[in-house]
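Residues per chain are reported as follows:
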Amino acid sequence: MIFRQLFDQTSGTYSYLLASRRGGEALIIDPVLEKVDRYLQLVRELDLKLVKAVDTHLHADHITGLGALRDRTQCITVMGEKSSVDVVSMRLADGDKLTVEGVALDVMYTPGHTDDSYSFLMQDRVFTGDTLLIRGTGRTDFQNGSARDQYESLFGRLLKLPDETLIYPAHDYKGDTVSTIGEEKAFNPRLQVKSVDEYVELMSKLNLPNPKMMDVAVPANMRQGLAQQEIAARGLALSPAEAMKILGRTDVALIDLREKSEREKHGIIPGSLHAPYPGLRETIAPGGMLHELAAATGKRIVFYCAYGERSAMAVKAAQDAGLTTSCHIAGGIAAWKQLNGPLTH
Ligand SMILES: [Fe+2]
């Protein structure tokens, strides 16, 4: 397995690059905008294909690298379903899996530091964001934070993991890089409380100054959406209502770019084919399934996904590959559902 802990000195942020093998798919957790060049250099050096960029929560102390990584690599941006970010490519809920080839992390909703804080568990290690830090816990005094929720996320969820589980947090300001659940249970001063009320009391007395970057970082991090207007302006977007009208037509091929788990959870548009987004380049290249389908049948390729992000990127790539009639459904399944578009499960 490839596991790299990367550090941004300015914000004290740790980012994590994960992959199962050289030459395989990779994901990155909590990337920092200023370090994007460094991540991409490492991705190239290790011969990886960056497929997902994930934030554990909406950060207040640095600008996320999610949007820049998506624009530079056409990777999928991922956050939790509770996040107030405008648009990401994919949203995860408690109990879901965050996957790339050969890597599967269990998604745990662990609110408290913010109301959109998630942790990701991978066998022997857990990425705790700012929920559980080394000898500390994330502050709970802004962004809908709640010490009460955090107590439950800590004592009800994270601290119930096996003692030997490694903890990789989103930050450290002392230079510590890793801890374990057992070590934090024993030595983390915030965890030596006897009750939730005692924890709430402790957290209410921290009186921390706001992060320096907060007024810049929070608004910037809320706006991660790909500019789908560009695709719309080129006449390559169908509104869900327009897409509804072409449903069932034989000169159209609807292509679902989502993952199997998203299809199972949210349903699929009847009659659509499945071509997961990470394999897109191969399927639209000459000899690929979609390229040949369009060439042989003259069908118009209509992509869709969860929120219209992956499908907008797919349209760009497909146009470049010569599929000039390809387009997408703006807003994806989320917009489709709002219009009560038909779905099968
Ligand atoms: Fe944070």
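Quick note: structure is the one above.
Regarding the pattern of salt bridges
Move 1: What the rule picks out here adds up to 23 salt bridges.
Move 2: When the shortest N-O distance is used, the salt bridge between Arg70 and Asp71 registers 3.0 Å.
Move 3: Note that Lys205 is salt-bridged to Glu201, the shortest N-O span being 2.4 Å.
Move 4: Of the residues examined, Lys205 reaches a relative accessible area of 56% and is grouped as exposed.
Move 5: Among the residues examined, Glu201 registers a relative accessible area of 41% and is labelled partly exposed.
Move 6: Here the salt bridges share partners, and the residues they tie into one network are Arg70, Asp71 and Glu309.

As for helix 12 (residues 309–320)
Move 1: An ideal rise of 1.5 Å per residue puts 16 Å on 12 residues; helix 12 measures up with 17 Å between its terminal C-alpha atoms.
Move 2: Most of helix 12 sits out of view: 10 of its 12 residues are buried.
Move 3: Within helix 12, the full set of buried residues consists of Glu309, Arg310, Ser311, Ala312, Met313, Ala314, Val315, Ala317, Ala318 and Gln319.
Move 4: A positive phi of about 95° marks Gly322, the residue just after helix 12.

Overview of the sheet that holds strand 18 (residues 300–304)
Move 1: Strand order across the open sheet formed by five strands is 15-19-18-16-17, with parallel pairing between neighbours. Each edge of the open sheet carries a strand with a single partner, namely strand 15 (237–238) and strand 17 (273–274).
Move 2: As defined by bridge partners, strand 16 (residues 252–256) adjoins strand 18 across five bridges and the pair is classed as parallel. In the sheet register, Leu254 faces strand 18, and the bridge partner there is Val302.

Some words on the packing of helix 1 (residues 36–45) against helix 2 (residues 66–73)
Geometry of a packed helix pair, given as the angle between the helix axes and the separation of the axes.
Move 1: At a minimum axis distance of 10 Å, the contact between helix 1 and helix 2 shows a crossing angle of 45°. Classified by the angle between their axes, helix 1 and helix 2 sit oblique to one another. Here helix 1 and helix 2 pass one another in a crossing that is right-handed. In this structure, helix 1 contributes Val36, Asp37, Tyr39 and Leu40 to the contact, and helix 2 contributes Ala68, Leu69, Arg72 and Thr73.
Move 2: A breakdown of the residues in the contact of helix 1 with helix 2 according to their chemical character gives five nonpolar, one polar and two charged.

Conventions we followed
Residues numbered from 1 in each chain as written. Predicted model: local features only at pLDDT ≥ 70, side-chain atom pairs only at ≥ 80, totals over all residues. Heavy atoms only, no water. Salt bridge = Lys/Arg side-chain N within 4 Å of Asp/Glu carboxyl O. Buried < 20%, exposed > 50% of the residue type's maximum accessible area, 1.4 Å probe, protein only. Helix = DSSP H or I, 4+ residues; strand = E, 2+ residues; numbered from the N terminus. Expected span 1.5 Å × (residues − 1). Pairing = 2+ DSSP bridges. Axes fitted to C-alpha atoms, helices over the stretch in contact; angles between N-to-C directions. Parallel < 35°, antiparallel > 145°, perpendicular 65-115°, else oblique. Left-handed = near helix turned anticlockwise from the far one by under 90°. Contact = heavy atoms within 4.5 Å. Nonpolar A, V, L, I, M, F, W, Y, C, P; charged D, E, K, R; others polar.

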